[in-house]
Amino acid sequence: MHKILVSRCLLGERVRYDGGSHGPFVLLEEWRRQGRLVAVCPEVAGGLPTPRPPAEIPGGQGARVLDGECGVLTVDGADVGAAFLAGARAALRLVEAHGIRLAVLKARSPSCGNRENYDGSFAGRRVPGEGVTAALLRRHGVRVFSEEELMDAAAALAALEAGDDAR
């Protein structure tokens, strides 16, 4: 059975920067009952508390953080990039330990966003981009979806399992 990495906040766990959570999502609950989910909050895994100050990536590109070109800044101007990198590496260790090829991560998060992110101005402006963890996982061949793409994730899972059955 293929495992799926999932953001803990999408499972109703109160780990968001503001102490909140998201969900429930019917499909995620079904996958949880099946024993498919491996949950992570990269920011908490990287050592950040809950709640914590909001953080954004200047320019919204997690790959730039991975490449050492910029940090991740809180609304107060503190660079928490080291914690975001540590959390991304923790997520990658889970992926490697469980042979994970799919992830469902929180949309627009500076860790987990997979298609767009906030631009670093704390003005609510979105730009195409991805979070630090999403960027690292993609570099390692993981297909990353958001909670807004659960049907696409389900189709990708079905394709993986159909490929397994063909062998």
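Data block above holds the structure.
As the structure is a prediction and not an experimental result, all values here were calculated from the model.

The rules behind the values
Residues numbered from 1 in each chain as written. Predicted model: local features only at pLDDT ≥ 70, side-chain atom pairs only at ≥ 80, totals over all residues. Heavy atoms only, no water. Pairing = 2+ DSSP bridges. Helix = DSSP H or I, 4+ residues; strand = E, 2+ residues; numbered from the N terminus. Axes fitted to C-alpha atoms, helices over the stretch in contact; angles between N-to-C directions. Contact = heavy atoms within 4.5 Å. Disulfide = S-S within 2.5 Å. Buried < 20%, exposed > 50% of the residue type's maximum accessible area, 1.4 Å probe, protein only. Polar contact = N/O pair within 3.5 Å; in protein donor to acceptor, adjacent residues only side chain to side chain. 1 Å grid on protein atoms, 1.4 Å probe; cavity = no way out; pocket = protein on both sides within 12 Å on 5 of 7 lines; lining within 4 Å. Points joined across faces, edges and corners; volume = space filled by probe spheres on them. Nonpolar A, V, L, I, M, F, W, Y, C, P; charged D, E, K, R; others polar. Core = buried A, V, L, I, M, F, W, Y, C linked by side-chain atoms within 4.5 Å.

Section: the sheet that holds strand S8 (residues 143–146)
The parallel open sheet is built from four strands, whose spatial order is S2-S1-S5-S8. The sheet terminates laterally at strand S2 (37–40) and S8, the two strands that pair on one side only. Within the sheet, the average angular offset between the axes of one strand and its neighbour, ignoring direction, is 25°. With four bridges connecting them, strand S1 (residues 4–7) and S2 associate as parallel partners. Bridge pairing links isoleucine 4 to leucine 37 in S2. The sheet contacts of helix H1 (residues 26–33) involve S1, S2 and strand S5 (102–105), and relative to S2 the element is tilted by about 115°. With respect to the sheet, helix H4 (residues 81–98) is in contact with S1 and S2, its orientation differing from that of S2 by roughly 165°.

Remarks on the state of the cysteines
Under the defined criterion, the tally for this structure stands at zero disulfides. As a non-bridged cysteine, cysteine 112 has cysteine 9 as the owner of its nearest cysteine sulfur, 6.7 Å distant. In this structure cysteine 112 comes out as buried when scored by relative accessible area, which is 4%.

Re the side chain of arginine 52
Mapped onto the fold, arginine 52 is located in the loop between helix H2 (42–45) and strand S3 (55–56). Polar contacts involving the side chain of arginine 52 include one to the side chain of threonine 50, which spans 3.0 Å. Contact partners of arginine 52, with chain neighbours within four places excluded, come to Val15, Arg16, Tyr17, Cys41, Glu43 and Val44.

Topic: the environment of leucine 92
As for its placement among the helices and strands, leucine 92 is situated in helix H4. Taking the relative accessible area as the measure of exposure, leucine 92 reaches 10% and is therefore buried. It is 9.7 Å that separates the C-alpha atoms of leucine 92 and leucine 5, two residues lying 87 residues apart in sequence. The residues contacting leucine 92, other than those within four sequence positions of it, are Leu136, Leu137 and His140.

A look at the layout of surface pockets
Here the largest pocket is characterised by a volume of approximately 510 Å³. Contributing to the lining of the largest pocket are 28 residues, with Arg16, Tyr17, Arg108, Ser109 and Pro110 lying nearest its centre. Of all the secondary-structure elements, those providing two or more residues to the lining of the largest pocket are H2, S3 and strand S6 (116–118). By residue class, the composition of the lining of the largest pocket is 14 nonpolar, six polar and eight charged.

Remarks on unusual backbone geometry
Backbone torsion omega between glycine 23 and proline 24 reads 5°, so that peptide bond is classified as cis. For proline 24, the location among the structural elements is in the loop between S1 and H1. With an omega dihedral of -5°, the bond running from threonine 50 to proline 51 counts as a cis peptide bond. Of note, proline 51 is situated in the loop between H2 and S3. Unusually for a residue other than glycine, arginine 108 sits at a positive phi of about 65°.

As for the nonpolar core
One finds Leu5, Val72, Phe84, Leu105, Val132 and Leu137 to be the most contacted residues of the largest nonpolar core, which totals 26 residues. At the level of elements, S2, H4, S5 and helix H5 (132–139) are the ones that each hand at least two residues to this core. Among the elements that line this core, the one with the most residues is H4, at six residues. For phenylalanine 84, the residues in contact, after removing those within four places along its chain, are Glu43, Leu48, Ala55, Val72, Pro110, Ser111 and Val132.

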